[in-house]
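Architecture at a glance
Letter by letter, the chains look like this.
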Amino acid sequence: MKIEKRTTEFVPEEERHGNVRNLFSIWFSSNMQITTLVTGALAIEFGLNLFWSIVAIIIGNLVGAVFMASHSAQGPKLGIPQMIQSRAQFGVIGAVIPLIIVILMYIGFFAGSSVLGAQAISSAFSLPLNWGIILLSTITCAITLFGHDFIHRMERYFAIIFAIVFVFVTVEVFRLQLPSGSWDPTHFELAPFLLTISIVATWQLTYAPYVADYSRYLPSDTPPSKTFGYTYAGTVVGTVWMMTLGVILTAAIPKFLDNSSAGLVKLLGPQFAIVMYMVIILGVVGVNVLNLYGAFMSVTTTLETFTQIRATSKARFWLVFSTAIVGTFLAVWGHGNFLENFENLILLLSYFMVPWTAINLIDYYLLRHGEYSIQDIFDLNGQYGKFNWIAIMSYLIAVIVEIPFVNTTIFVGPIAKALNGTDLAWIVGLIIPSILYYYPMKKKINLSFYNQVPEEEKSFLEFRE
């Protein structure tokens, strides 16, 4: 298997390859892992019963995956990574603002998943937790260096293994004794219900900044409906499955989240313990490769804005290795308060990433209809400019407006307090930037088009208006 040659640059048609059906495998397998399970389990921690936890999980995934898969559909059309395409909305330098948030997100998820995977390694092989984190990071780093094609192939095999093993796990989970009232639909609390939907939808939205990275090598004539459909189906099926297991296990087993890996292994008995541990470890490797690859791509995009960095094998190694070091340090430093740190991370990211996704999708689907100048995306002096203040201000205003609606352990906004803790920030984060960006940007695009029209045709256009 060859190391990937390309990073942020455009993939020419003669290098396009792959089958759109593979998108199901990569997004199914990346969600069939312990971090997804723990995220779903937060619904029980918030106070929901089993019935309303599963309802919130289904709604959150069905809604959030629409945005995530809509980003995936951009890959074959544009042939470039998702975050570098943000230059068309924010400007070549302005795109660094969401890029920094995205880099922090990837590293945070890398660290969080590493802790859970290291718990499995520690339990299976009696290895200290910190050494388990380092071992996982080393394996992940080695795989990430090979890049796109190797990741796709690995995830296809993982998808088959995970599906088989978790069928058996699911059978055992549904045999567990549950507390009374677990399936009672009359025990409903609005605030934790909406908070769970927010976290679950955000889980899908956090894939948005790199989802197109794995569809960009597909032929440009790949139907967007198929790119969307296979991505959507893979991520929804995998996530709903694992999050549902998470809420049932947390409801049925006291203190399950203290060591979720060990708790999951006990279900299949000691004779299958090593198999379950290996599946958990492989699941963490699978998703952390995506996190590290996405961080590497985003760091490269950011550095490329200000330097003449070249995507050599040596540069690739040092960028991947350096990013892995940072993520590993955070995992070692923060594993003592893992659950609280992880919950805060997901909520914090939603407040920053939701406005970005709204701006990107509005621009792609409603304003430019997928038509971009790839050359200008890489040009500081191109048509997209260094800064697009319409996008930047829409983004910053949206983040500020979200603050009164947020509900975290660190801070609860006044509107969230008035609504008994209900977190509506992600909905606000979708609506506000959509309005602030769409109308002035549409006027700017129309004006730019008008200025490019020959003088003899302008009178005709004015007459038509």
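Bear in mind that the values here come from a model prediction, so they are computed numbers and not experimental data.

The helix and strand tally for the chain stands at 21 helices and zero strands. The C-alpha atoms of the chain give a radius of gyration of 22 Å, which matches the 23 Å a tight globule of 465 residues would have. Taking the principal axes of its C-alpha atoms as reference, the chain extends roughly 80 × 55 × 40 Å. A separation of at least 24 residues holds for 86% of the contacts in the chain among residues at least 6 apart in sequence.

Quick look at helix α2 (residues 34-45) now. For α2, with 12 residues, the first-to-last C-alpha span of 16 Å sits near the 16 Å given by 1.5 Å per residue. Along α2, 11 of the 12 residues are buried, which leaves the element largely enclosed by surrounding structure. All of the buried residues along α2 are I34, T35, T36, L37, V38, T39, G40, A41, L42, A43 and I44. One or two residues past the end of α2 sits G47, with phi positive at roughly 110 degrees.

This part takes up the side chain of T422. Relative to the helices and strands, T422 is located in the loop between α19 (414-418) and α20 (425-452). Engagement of the side chain of T422 in a polar contact is seen with the backbone oxygen of L419, the distance being 2.8 Å. T422 has contacts with L190, A191, L194, F405 and A416, leaving out every residue within four places of it along the chain.

A word on the nonpolar core. Core analysis: the biggest nonpolar cluster contains 110 residues, and W27, F166, V169, L264 and M276 have the highest contact counts within it. Not counting chain neighbours up to four residues away, the residues in contact with L264 comprise I34, L37, F166, V169, L249, F256, M276 and I280. Core analysis: the second largest hydrophobic core is formed by eight residues, I84, A88, Y364 and I377 among them.

So, on to the packing of helix α1 (residues 22-29) against helix α9 (residues 148-173). Two numbers describe how α1 lies on α9: the axes approach to 8 Å, and their chain directions differ by 65 degrees. With respect to the hand of their crossing, α1 and α9 are arranged in left-handed fashion. On the side of α1, the interface is formed by N22, L23, S25, I26, F28 and S29, while α9 contributes I151, H152, E155, R156, F158, A159, F162 and A163. In the contact of α1 with α9, the residues fall into eight nonpolar, four polar and two charged.

Next up on the list: unusual backbone geometry. With the exception of glycine, the majority of residues adopt a negative phi angle, and the majority of peptide bonds are in the trans configuration. The backbone of S126 sits at a positive phi, close to 55 degrees, despite the residue not being glycine. Within the secondary structure, S126 sits in the loop between α7 (96-125) and α8 (129-146).

Applying the stated criterion across every chain, the model contains eight salt bridges. E4 is the salt-bridge partner of R316, the closest N and O atoms lying 2.9 Å from each other. Of this pair, R316 sits in helix α15 (residues 313-334) while E4 is found in the segment before α1, placing the two residues 312 residues apart along the sequence. Residue R316 is classed as buried on the basis of its relative accessible area of 4%. Taking the relative accessible area as the measure of exposure, E4 reaches 10% and is therefore buried. One salt bridge in this structure joins R6 and E15, with 2.7 Å as the shortest N-O distance.

In this fold, N360 is placed in helix α16 (residues 338-367). Separated by 274 residues in the primary sequence, N360 and S86 place their C-alpha atoms 6.8 Å from one another. For N360, the contacting residues outside a window of four places in its chain are H71, Q74, Q82, Q85, S86 and Q89. A distance of 3.2 Å separates polar atoms of two side chains, one belonging to N360 and the other to H71. Among the polar contacts made by the side chain of N360, one reaches the side chain of Q85 at a distance of 2.6 Å.

As a further point, take a nonpolar patch on the surface. A surface patch of nonpolar side chains, amounting to about 610 Å² of accessible area, comprises I97, F387, W389, M393, L396, I397 and L436. Tallying contributions element by element places helix α18 (residues 389-402) first for the nonpolar patch, with four residues. Tracing the backbone shows I97 in helix α7. Classification of I97 as partly exposed rests on a relative accessible area of 33%.

On to the side chain of T206, then. Inspection of the secondary structure puts T206 in the loop between α10 (190-205) and α11 (208-211). The exposure class of T206 is buried, given its relative accessible area of 7%. At 2.7 Å, the side chain of T206 forms a polar contact with the backbone oxygen of W203. What T206 contacts, discounting residues up to four positions off in sequence, is M105, F109 and L349.

Let us look at helix α14 (residues 273-306). Since the α-helix advances by 3.6 residues per turn, residues separated by three or four positions end up pointing in the same direction. With 34 residues, α14 ought to run about 50 Å at 1.5 Å a step, and its terminal C-alpha atoms sit 50 Å apart, in line with that. Where burial is concerned, most of α14 is hidden: 27 out of the 34 residues are buried.

What follows concerns the confidence of the model for the chain. On average, residues of the chain score 89 in pLDDT, and 93% of them are at 70 or above. Within the model, pLDDT remains below 50 along residues 457-465, and this stretch shows six contacts once partners closer than five positions in the same chain are excluded.

Before going further, it helps to examine the environment of T307. Tracing the sequence through the fold places T307 in the loop between α14 and α15. Since its relative accessible area comes to 37%, T307 is described here as partly exposed. In this structure, the C-alpha to C-alpha distance between T307 and T422, residues 115 residues apart in sequence, is 44 Å. Of note is the side chain of T307, whose polar atom sits 2.7 Å from the backbone oxygen of L303.

This part is about the packing of aromatic side chains. To describe a pair of aromatic rings, you give the distance between the ring centres and the angle between the ring planes. For the structure shown, the criterion picks out 28 aromatic pairs. Summarising the aromatic geometry, the rings of F387 and W389 are spaced 5.3 Å apart at their centres and angled 15 degrees between planes, so their arrangement reads as stacked.

With that settled, the discussion passes to the packing of α7 against α14. Geometrically, a packed helix pair is captured by the angle between its two axes and the distance between the axes. At a minimum axis distance of 8 Å, the contact between α7 and α14 shows a crossing angle of 160 degrees. Taken together, the axes of α7 and α14 lie roughly antiparallel to each other. By crossing handedness, the relation of α7 to α14 is classed as left-handed. Taken together, the residues of the contact of α7 with α14 sort by class into 22 nonpolar, 11 polar and no charged.

Calculation rules
- Residues numbered from 1 in each chain as written.
- Predicted model: local features only at pLDDT ≥ 70, side-chain atom pairs only at ≥ 80, totals over all residues.
- Heavy atoms only, no water.
- Helix = DSSP H or I, 4+ residues; strand = E, 2+ residues; numbered from the N terminus.
- Rg over C-alpha atoms; globule rule 2.2 N^0.38 Å.
- Contact = heavy atoms within 4.5 Å.
- Expected span 1.5 Å × (residues − 1).
- Buried < 20%, exposed > 50% of the residue type's maximum accessible area, 1.4 Å probe, protein only.
- Polar contact = N/O pair within 3.5 Å; in protein donor to acceptor, adjacent residues only side chain to side chain.
- Core = buried A, V, L, I, M, F, W, Y, C linked by side-chain atoms within 4.5 Å.
- Axes fitted to C-alpha atoms, helices over the stretch in contact; angles between N-to-C directions.
- Left-handed = near helix turned anticlockwise from the far one by under 90°.
- Nonpolar A, V, L, I, M, F, W, Y, C, P; charged D, E, K, R; others polar.
- Salt bridge = Lys/Arg side-chain N within 4 Å of Asp/Glu carboxyl O.
- Patch = residues over 30% accessible without salt bridge, like charges linked within 9 Å, V, L, I, M, F, W, Y side chains within 5 Å.
- Areas by Shrake-Rupley, 256 points an atom, 1.4 Å probe, with all protein chains shown as cover.
- pLDDT = per-residue confidence, 0-100.
- Phe/Tyr/Trp six-rings, centres within 6.5 Å; stacked < 30°, edge-to-face > 60°.
- Parallel < 35°, antiparallel > 145°, perpendicular 65-115°, else oblique.

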